[in-house]
Amino acid sequence: MYRKQRLVLAGASVIFFILYVIALFIAPDVVSDSLSGCCGLTAALSVGLTSFINKKYRVPISIIALGPVFWVCGDIFYVLCDTGVITEEHLFAITDPMYRMTTYTYCIGLLVFGFVQFTKRDLLRLFVNAFLSSIATAIISVALFQLSTNTKISSYDFGFVYYFRMVVAMFIIVFFLVIATNHTDNKLSLYGLFVLASFFIYGVSDIRYTMLEAAGEDPSGIMFDAIYLSSMVLLGIAYATSSIEDVMETQDRRSTDRSGASGILLTVMILLFGVWLCMTGALSILGFLMLMISGVAYLLLLKLLKKNDANENIIAKKEEELSEVNEKLANASVLDIQTGLRNRRAWNLYRDELKETQKDSRLILYSLDINFFKMINDTYGTSVADQLLAEIGRRLLSIEEMGITAFRLDGDQFMILCVDEGHEVDSARFADYLIGVLDRPYETKEKVIRITFSIGAAMYPDDTPEIDRLMSCAESVRTSSNPNGNASTCAFFDASIIPKIQRENLIENLLQNLDYEEALELFYQPQVNTQTGELIGMEALLRWKDEDLGYIPPSEFIPIAENMGIMPAMGEWIVHHAFMQIIEWNQKFNRDLKMSINISPKQLQEEYFTETFFYIMKEMDVNPAWIDVEVTESIALNNIVLNTSIISNLRETGLSVSVDDFGTGYAAFANMLTFKFDRIKLAKELIDSLTIHTNAKIIVEAIVNMAKGMHLITIAEGVEEKEQLDILKELDCDQIQGFYFGKPIPAKDFEEKWLKS
Ligand code: C2E
Ligand code: MG
Ligand code: MG
């Protein structure tokens, strides 16, 4: 910015300077004076323009630019007096202070720069350092001047004024030198070199000028003018050629090494030198005293600085430690220690950021959940589960290179966010890739585990215009898909599932405050002997009738209750009532009927499930032979170790266990060997196919035969037609349950229909 203009101005000042030098030899005073004015002004403008490009240093640069302006004013005034335009003699005296203003402006400019650039403490240190050094140098140079030129500096009365002027001139050089050497890497930039050269030429000639004046000589003349002007030209060039970074962007290196010993040695040597100069008569008593005072002050300052340095170092170290701790804390607050992934808090922050920055991007959010994680935790222990989580974290972090961000929200819930700026990511392909990465077996120290994931995905803005709702959309589609968790799946949000989600939310709200005694009821469906049609038992099936929604099927509300974590309580109610009913019926009718009670996969995983179950059995003193527990096939096969132990625990009490819905899942007969079951319930789907596909008959026959070989009872469920019954009779299936014999009905009706007759 303004670089071209600045270069033109600096170039013009160089040309004016050359013309000025030529004019000195050939042209009259007025021409050369005008040219010097133009030269100073163009240099000043070059500096001044730089202040526009650097906001931070605008004030100090502007003040420095005023230096040549004052000099030009002095020039103009001089010409006016010289040419007789100004005749009042007392006004002539203004010229000199006007020239002097240049020195003071430079000095003020540098001080203001110091204020902007350094901390107060450092500025004071630099200032005192530069000031005392300037005093010493000025005094010694006066002495050396007198010694070398054999001239005597003016009387003591004017001594202070001259010394003051010399100290200020010296201060400009020293202070800038200190500032410039404090620059990063200790290297002086080109800009620094030019400015230093300018201030050096200016300062030295000003000192010399003052000395000559003090010695009673008239120093004014073309020589000094030319030198002063050259310093201004250099200043103009310095600012014109500098980039913004060069312009004053020095770095405050607080830990500037101030080796105390060399400082003391140098000061002592200067003082000794001063004593010698005084003895030779070159240094006046006043000068000598000033030198001594500044020397002692400098020594005291060194001592103070040393002490300060020690304190500063301690503070700096503490500050460093503090910032390290702060950084760790900040990281800890957004990172999950176990997996190294970002946590929920990080997601909240990230989401807010996305709302601001990614309005136009497509966001794809995948919500992940490990299937049966609790069961893994219970079966293999927390150490294995922790290793598993850490490995999941590593795998997800490894794919972050693809531009996605992974989070662990809580427990076994993860989330992946893909910011698709170009709307070009194939979300389904990425889901497949993700499943591929996560489905690989997990090697822990103890064993190799296979796990599956339920994934739900939702997109912004396609599925929801609110980034805030993206997560709940992905979660809802995740929970309403993959009900059995046998394999990893990814379901995508679809607006058509909104009513389903709304109903789920409604059911969840209703379940929250449900009075079981009032709203729940157990219906009973008969189970009969295939050959004789004789009642052998019944299955307890839960019913919930809501005033507004009517009957809500158990297949709908039980998964919701499981997710809400209220299934243990509800399960307890079911078991209690089913026990009560079978005790009542068997005692009342002197029968040995079996009550089948469904236990859902999640129920089986609940902590204290078996304890509670056994407790109720004991409390109610129920005959175990009257109880049958139905577990679904998927759960039976899902966690071999855990379920084998739970199931064998249950069977040890004398009750029987049935595998529900056999034939719908991934049942492998080989796996069935691991379990000790009592009964296989052939799924309704198989029975439905019996009369349609001949293959179904073959399968059912095989199952029945296999079960017989393993001494297992077979029961067919969902039998609705006589035809089905006939086939099952033919295949020698032991028991039948289905609408053909009877639908699930309330206890009172069941008693009427099945027990009283
Ligand atoms: P399930 O254990 O396989 O129960 C059999 C389901 O098939 C019952 O549905 C029953 O009414 C139905 N059914 C029986 N025979 C026939 C038939 O001939 N034709 C037709 N179309 N259906 C027949 P329901 O009562 O709606 O129960 C559905 C599922 O809900 C059950 O499947 C079970 O998994 C679950 N459930 C029911 N009650 C409970 C309970 O108390 N606890 C648990 N954990 N789950 C339960
Ligand atoms: Mg059942
Ligand atoms: Mg069933």
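Each value, and the rule that gives it
- Residues numbered from 1 in each chain as written.
- Chains lettered and ligands numbered in written order.
- Predicted model: local features only at pLDDT ≥ 70, side-chain atom pairs only at ≥ 80, totals over all residues.
- Heavy atoms only, no water.
- Donors = N, O, S within 2.8 Å, 3.2 Å for Na, K, Ca; no water.
- Buried < 20%, exposed > 50% of the residue type's maximum accessible area, 1.4 Å probe, protein only.
- Axes fitted to C-alpha atoms, helices over the stretch in contact; angles between N-to-C directions.
- Helix = DSSP H or I, 4+ residues; strand = E, 2+ residues; numbered from the N terminus.
- Left-handed = near helix turned anticlockwise from the far one by under 90°.
- Contact = heavy atoms within 4.5 Å.
- Nonpolar A, V, L, I, M, F, W, Y, C, P; charged D, E, K, R; others polar.
- Near = heavy atom within 4 Å.
- Polar contact = N/O pair within 3.5 Å; in protein donor to acceptor, adjacent residues only side chain to side chain.
- Areas by Shrake-Rupley, 256 points an atom, 1.4 Å probe, with all protein chains shown as cover.
- Pairing = 2+ DSSP bridges.
- Right-handed = clockwise from strand over helix to strand, strands pointing away.

*Asks:* I would appreciate a short explanation of the coordination of the magnesium ion (ligand 3) in the present structure.
*Replies:* Note on metal geometry: ideal angles are 109.5 degrees for four donors arranged tetrahedrally and 90 or 180 degrees for six donors arranged octahedrally. In the first shell of the magnesium ion (ligand 3), the protein supplies Asp 660 (OD), Asp 661 (OD), Glu 717 (OE) and Glu 717 (OE), at 2.2 to 2.7 Å from the metal. Spacing between the donor residues of the magnesium ion (ligand 3) along their common chain follows D-D-x55-E. A residue is classified by how much of its surface remains accessible, and Asp 661, at 29% relative accessible area, is partly exposed.

*Asks:* I keep staring at the packing of helix H14 (residues 382-398) against helix H15 (residues 427-439) and nothing clicks. Help me out?
*Replies:* Relative orientation and spacing of two packed helices are given, respectively, by the angle between their axes and the distance between those axes. Running from N to C, H14 and H15 point in directions that differ by 140°, and their axes come no closer than 10 Å. Read as a crossing pair, H14 and H15 show a hand that is right-handed. Along the contact surface, H14 presents Ile 392, Arg 395 and Leu 396, while H15 presents Leu 434, Val 437 and Leu 438. Residue composition of the contact of H14 with H15, by class: five nonpolar, no polar and one charged.

*Asks:* What is the right way to look at the site of ligand 1 in this model?
*Replies:* Contacts to ligand 1 come from 23 residues, most closely from Arg 543, Asn 598, Asp 660, Glu 720 and Phe 739. Between ligand 1 and Asp 661 there is a distance of 3.2 Å, counted from an oxygen atom to a side-chain nitrogen or oxygen. One of the side-chain N or O atoms of Glu 720 is found 2.5 Å from a nitrogen atom in ligand 1. Taking 790 Å² as the accessible area of ligand 1 by itself, protein coverage stands at 82%. Put simply, the parts of the chain that give the shell around ligand 1 at least two residues each are strand S9 (535-546), helix H19 (554-564) and strand S13 (656-662). No other element matches the four residues that S9 contributes to the shell around ligand 1. Taken together, the residues that form the shell around ligand 1 break down as eight nonpolar, seven polar and eight charged.

*Asks:* How should I be thinking about the pairing of strand S15 (residues 713-717) in this particular structure?
*Replies:* Regular strands have side chains that alternate between both faces of the sheet. Most of S15 is tucked away, with four of its five residues classed as buried. Sheet topology note: the strand S14 (residues 679-682)/S15 ladder contains four bridges and is parallel. Along S15, the bridge assignment pairs Leu 682 with Ala 716. Alignment of S15 against strand S16 (residues 735-737), held across three bridges, turns out to be parallel. Across the sheet, the residue bridging to Glu 717 is Gln 737, located in S16. You can see the chain leave S15, run along helix H28 (residues 722-730) and come back into S16, and the turn it takes is right-handed.

*Asks:* Looking at this structure, how should I read the sheet that holds strand S1 (residues 362-370)?
*Replies:* Strands belonging to one sheet form pairs held by backbone hydrogen bonds; the direction of such a pair is parallel or antiparallel. With mixed pairing, the five strands of this open sheet are ordered in space as S2-S3-S1-S6-S7. Two strands bound the open sheet, and with one partner strand each, they are strand S2 (404-410) and strand S7 (489-492). Here the strands of the sheet are splayed against their neighbours by 20° on average, with no regard to which way each runs. Inspection of the sheet shows S1 paired to strand S6 (residues 453-460) by eight bridges, in the antiparallel sense. From the neighbouring strand, Asp 369 faces S6, where its bridge partner is Ser 454. Sheet strands in contact with helix H12 (residues 344-357) are S1, S2 and strand S3 (413-420), and its direction is about 135° off that of S2. Of the strands in this sheet, S1, S2, S3 and S6 are in contact with H14, which crosses S3 at around 5°.

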